[in-house]
Amino acid sequence: MKIRKNRAPRLSVKLISLAIVGALAYSVEVSAQPAQRGAGTIATTTLGVLPQVPLYWHLDTFPDGAAARAAMGARSAVAESFGKTWLFTIAESEWRPINGTRVAKVGPLPLTAGGIFTATYLDAETSPGFQTDVHQHGGPEALYTISGEVCLETPQGKMLGRAGGEPLLIAGNQPMRLTSIGTEKRRSIVLVLHDASQPWKVPATGWTPKGLCSDG
């Protein structure tokens, strides 16, 4: 009499293999989903008491960090963002670095007299529909938009920033809410020039946005 050995059906092995492959494919697909990064600090510098003259934010790019640091002024900071090396400087309108590529000059910055200021620089990358909380800064904020579109609502109305357009400039100590609009991912370089005793961003109360940016 022949004794048959128990064998698992080949079909079940194929099903298990397909299940493993499917699980791996799913895990790769999920991990590939882009994250909503928002804004992150790329440089911070304490400026101290600023002179009582019109001041501007100067944005220049350099081939590398060594070249940027060699061109720094008294109120400059070097940062890496969006594949470029940046030199950010708070100075008078006529200021220029010894070399580099001029990108923009924003100002004059609406500063209040007195106080010790800190410059916090951020880069922001957000998809259309992204919206911040209602917040404010202890000093002026400036946004230079590299790509996409952004809408900023304050009690005075709304402001629009687009790549190739004028940078946005907002006075300090007023509530605001920012919304990414349009169809393209928004990338911006941001300056917040705030009181050194405060964080760069604080919650704002007593004001509710009207949704002016909801339609772009």
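No experiment lies behind these values; they were computed from the predicted model shown. (Residues numbered from 1 in each chain as written. Predicted model: local features only at pLDDT ≥ 70, side-chain atom pairs only at ≥ 80, totals over all residues. Heavy atoms only, no water.)

**Quick notes on the overall build of the protein**
Of regular secondary structure, the protein possesses 2 helices and 14 strands. When the 216 residues of the protein are sorted by exposure, 40% land in the buried category. Here the analysis covers contacts within the protein between residues at least 6 apart in sequence; of these, 80% occur between residues at least 24 apart. Just so you have it, the protein exposes about 12100 Å², and 55% of that area is on carbon and sulfur atoms. (Helix = DSSP H or I, 4+ residues; strand = E, 2+ residues; numbered from the N terminus. Buried < 20%, exposed > 50% of the residue type's maximum accessible area, 1.4 Å probe, protein only. Contact = heavy atoms within 4.5 Å. Areas by Shrake-Rupley, 256 points an atom, 1.4 Å probe, with all protein chains shown as cover.)

**Some remarks on the state of the cysteines**
Taken as a whole, this structure holds 1 disulfide when the rule is applied. Sulfur-sulfur distance for the disulfide between C151 and C213 comes to 2.0 Å. As the torsion about the S-S bond is roughly -70°, the C151-C213 disulfide counts as left-handed. Placement of C151 in strand β9 (residues 149–154) and of C213 in the segment after β14 (202–203) is noted, with a sequence separation of 62 residues between them. Residue C151 is classed as buried on the basis of its relative accessible area, which comes to 0%. Using a relative accessible area of 4% as the deciding quantity, one classes C213 as buried. (Disulfide = S-S within 2.5 Å.)

**Structural notes on the environment of E94**
Mapped onto the fold, E94 is located in the loop between β4 (84–91) and β5 (101–106). For the pair E94 and Y56, spaced 38 residues apart in the sequence, the C-alpha separation amounts to 9.3 Å.

**What about the pairing of strand β8 (residues 141–147)?**
Of all 7 residues in β8, 6 are buried, a share of seventy percent or more. Judged from the 3 bridges that link them, β8 and strand β11 (residues 168–170) form a sheet pairing that is antiparallel. Paired with A142 across the strands is L169, a residue of β11. Sheet analysis places β8 next to strand β13 (residues 186–195), joined by 6 bridges and oriented antiparallel. Residue pairing in the sheet places T145 in a bridge with S188 of β13. (Pairing = 2+ DSSP bridges.)

**Quick notes on the confidence of the model for the protein**
Per-residue pLDDT for the protein has a mean of 85; in total, 82% of the residues score no lower than 70. For the stretch residues 1–35, pLDDT sits under 50, and the model shows 0 contacts to residues farther than four places along the chain or on other chains. (pLDDT = per-residue confidence, 0-100.)

**Some remarks on the packing of aromatic side chains**
With the rule as written, the count across this model stands at 4 aromatic pairs. Ring plane angle 25° and centroid distance 5.9 Å describe the contact between W86 and F88, whose orientation is recorded as stacked. Side by side, W86 and F88 carry an identical accessibility label, which is buried. Centre to centre, the rings of F88 and Y121 are 4.7 Å apart; their planes meet at 25°, and the pair counts as stacked. Note that F88 is positioned in strand β4 and Y121 in strand β6 (residues 117–126), a separation of 33 residues in sequence. In this pair, the class of F88 matches that of Y121, namely buried. Connected via pairs of aromatic rings, a cluster forms that spans W57, W86, F88 and Y121. A cation over an aromatic ring shows up here: K105 above the ring of Y56, its NZ or CZ 5.1 Å from the ring centre. (Phe/Tyr/Trp six-rings, centres within 6.5 Å; stacked < 30°, edge-to-face > 60°. Lys NZ or Arg CZ within 6 Å of the ring centre and 35° of its normal.)

**Considerations on the sheet that holds β9**
Taken together, the 3 strands give an open sheet; going across it, the order is β10-β9-β12, and neighbouring strands pair in antiparallel fashion. Of all the strands in the sheet, the pair left with one neighbour each is β10 (157–162) and β12 (177–181). Taking the axes of each pair of neighbouring strands and ignoring which way they run, one obtains an average angle of 20° across the sheet. Pairing analysis gives 6 bridges linking β9 to β10, with the strands arranged antiparallel. Looking at the pairing, C151 lines up with L160 of β10. (Axes fitted to C-alpha atoms, helices over the stretch in contact; angles between N-to-C directions.)

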